[in-house]
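What the coordinates show
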Amino acid sequence: MRKTQLLAVLALAGLAAGASAQQQPKSASQAIDEYRAMLADGNPAELFEMKGEELWKQKRGPKNASLERCDLGKGAGVVKGAFVELPRYFADTGKVQDLETRLITCMESLQGLDAAAIAKTPFGKGEMANVTALATWVASQSRGMQFNLPQAHAQERTSYEAGKRLFFMRGGTHDFSCASCHGEDGKRIRLQDLPNLTKNPGDGVGFAAWPAYRVSNGQMWSMQLRLNDCYRQQRFPYPEFGSDALTALSTYLGVNAKGAKSAAPTIKR
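The residue count restarts for each chain, going from 1 along the sequence in the order it is written. Since the coordinates come from a predicted model, pLDDT governs what is reported: local features require at least 70, and pairs of side-chain atoms require 80 or more to be given and counted, while whole-chain, interface and lining totals use all residues. As a rule here, side-chain values cover all heavy atoms of the structure and leave hydrogens and water aside.

**Quick word on the overall build of the protein**
The secondary structure listing takes helices from DSSP runs of H or I that are at least 4 residues long and strands from runs of E that are at least 2 residues long, numbered from the N terminus. Secondary structure assignment for the protein yields eleven helices and seven strands. For the accessible areas, the method is Shrake-Rupley and the probe is 1.4 Å, while residue cover comes only from the protein chains on display. Carbon and sulfur atoms make up 55% of the accessible area of the protein, which totals about 14100 Å².

**Looking at the pattern of salt bridges**
Pairing between side chains becomes possible if they bear opposite charge and their charged atoms approach one another. Whenever Lys or Arg places a side-chain nitrogen within 4 Å of a carboxyl oxygen from Asp or Glu, that contact is recorded as a salt bridge. Summed over the entire model, instances satisfying the criterion amount to ten salt bridges. A salt bridge links Lys74 to Glu85; the nearest nitrogen and oxygen atoms lie 3.3 Å apart. Of this pair, Lys74 sits in the loop between α3 (45-57) and β1 (88-90) while Glu85 sits in the loop between α3 and β1, and the two are eleven residues apart along the sequence. You can call Lys74 partly exposed: its relative accessible area is 36%. Relative accessibility thresholds used throughout: buried, under 20% of the residue-type maximum; exposed, over 50%; partly exposed, between the two (1.4 Å probe, protein chains only).

**With respect to the state of the cysteines**
Only a pair of cysteine sulfur atoms within 2.5 Å counts as a disulfide in this structure description. Evaluated as defined, the whole model comprises one disulfide. Note that Cys70 is cross-linked by a disulfide to Cys106, the S-S spacing being 2.1 Å. Residues Cys70 and Cys106 share a disulfide whose torsion about the S-S bond is about 75 degrees; that sign makes it right-handed. Remark: Cys106 occurs in helix α4 (residues 99-111) and Cys70 occurs in the loop between α3 and β1; sequence separation between them is 36 residues. The closest cysteine sulfur to the non-disulfide-bonded Cys181 is located on Cys230, 8.1 Å from its own sulfur.

This is the structure we're talking about:
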């Protein structure tokens, strides 16, 4: 075979190999990643961010006051960096609080709103919808910052240990625990890869993503709602909003996420 003919054959073989490689089917994980990337361009969570910022500055409630003096752990009115250090202990309430319960504390103390009534309001309704919007905006102010939950106070350490026990506690009609889905590497359900929430980088992928906009139902989901729905899927009784159990779970996940960068608010399927 002449040299020119040989080069032509090799060139055609190379083109065929390239075409074959391009036609290889994508994995389910790759397809989902592409889907998420397309959705992320114009994340509806931005609308909730805007609403949350307006609510933070707006004078409301019986006291006709804004939330601009709310202490989220870094001093009155300081928002940047607060999200990645929550849950944490607050001396004025004498307990460990996550972002949502702390916001409700401020809504009661500063604005005169009824905290107990808000806590009983269904997700996505009334003042609870406002809490979600506020949490979305506050979270956005720490986007890209590393999680570093404090563990200096005894109650913070107790909350972590309680959350760890709850994470691995099996029960319900299906004998499930949080760890059944999120306690090992390489697990998946249907087309969904499941992050290992007991360590980094898995917990940075999981905990760091909420609040998030859920495309499947067109709603903004807070961390409290995410955990509540996890219990529903495990066939456990729904935990009450602001319960110590949910705060403890968030503490466990948040401490495990140390060093991971917050991506919230994100978009989910």
